[in-house]
Amino acid sequence: MITSAEIEGIVLDLLKADPWQLVVPAKVYAELNRRAKCSGCVPNVVDIIVRVTENYHAQQAHPPAELITLQSGLEKLKRQRIGERRERRSTGHRAA
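Residues numbered from 1 in each chain as written. Predicted model: local features only at pLDDT ≥ 70, side-chain atom pairs only at ≥ 80, totals over all residues. Heavy atoms only, no water.

## Some thoughts on the overall build of the chain
Within the chain, the secondary structure is distributed over four helices and zero strands. Along the chain, helices (α) and strands (β) appear in the sequence α-α-α-α when read from the amino end. Every one of the 96 residues in the chain was classed for burial, and the buried ones make up 17%. Put simply, of all contacts in the chain between residues at least 6 apart along the chain, 54% involve residues at least 24 apart. (Helix = DSSP H or I, 4+ residues; strand = E, 2+ residues; numbered from the N terminus. Buried < 20%, exposed > 50% of the residue type's maximum accessible area, 1.4 Å probe, protein only. Contact = heavy atoms within 4.5 Å.)

## Notes on helix 1 (residues 4-17)
With 14 residues, helix 1 ought to run about 20 Å at 1.5 Å a step, and its terminal C-alpha atoms sit 20 Å apart, in line with that. Three or more residues of helix 1 are buried, namely Ile 7, Ile 10, Val 11, Leu 14 and Leu 15. All buried residues of helix 1 fall inside an arc of 135 degrees around its axis, so they share one side. Exposed residues on helix 1 whose side chains face more than 90 degrees from its buried face are Ala 5, Lys 16 and Ala 17. Buried residues along helix 1 sit against helix 2 (25-31) and helix 3 (42-60). (Expected span 1.5 Å × (residues − 1). Arc of directions from axis to C-beta.)

## Thoughts on the environment of Gln 21
Mapping Gln 21 onto the fold places it in the loop between helix 1 and helix 2. Ignoring anything within four residues of it in the chain, the contact list for Gln 21 reads Leu 14, Leu 15 and Lys 27. Within polar-contact distance, the side chain of Gln 21 engages the backbone oxygen of Leu 14 at 2.4 Å. (Polar contact = N/O pair within 3.5 Å; in protein donor to acceptor, adjacent residues only side chain to side chain.)

## So, the pattern of salt bridges
For the structure on display, the rule yields one salt bridge. Between Arg 51 and Glu 8 there is a salt bridge; the shortest N-O distance is 2.3 Å. Note that Arg 51 is positioned in helix 3 and Glu 8 in helix 1, a separation of 43 residues in sequence. For Arg 51, a relative accessible area of 38% gives the class partly exposed. The partly exposed category is assigned to Glu 8, whose relative accessible area is 25%. (Salt bridge = Lys/Arg side-chain N within 4 Å of Asp/Glu carboxyl O.)

## Quick look at the environment of Pro 25
Along the chain, the position of Pro 25 falls in helix 2. Of the residues examined, Pro 25 reaches a relative accessible area of 16% and is grouped as buried. A sequence separation of 23 residues divides Pro 25 from Ile 48, and the C-alpha atoms of the two residues are 9.8 Å apart. Excluding anything up to four places from it in sequence, Pro 25 contacts Val 42, Val 45, Val 46 and Ile 49.

Listed below in structure tokens is the structure:
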């Protein structure tokens, strides 16, 4: 019999190893060296995985000031590239 505490521990260990990996019931059962014989418990395992993952990421969340939005990150890269030549062609180059 597998307890919810065991599942929570496994999920936390997996998240600590790689916080952005996709934790699925198969990984949990593999870590426990068990398998879901009738798959009746899989929905409960999924619920535990979702709850633990949400709590983990909420605890690890950075303050909003530290987050960089995709748009602002792209704007910064665009500003850095201004002035660089693309495809190694000069600005006066014209295609024949």
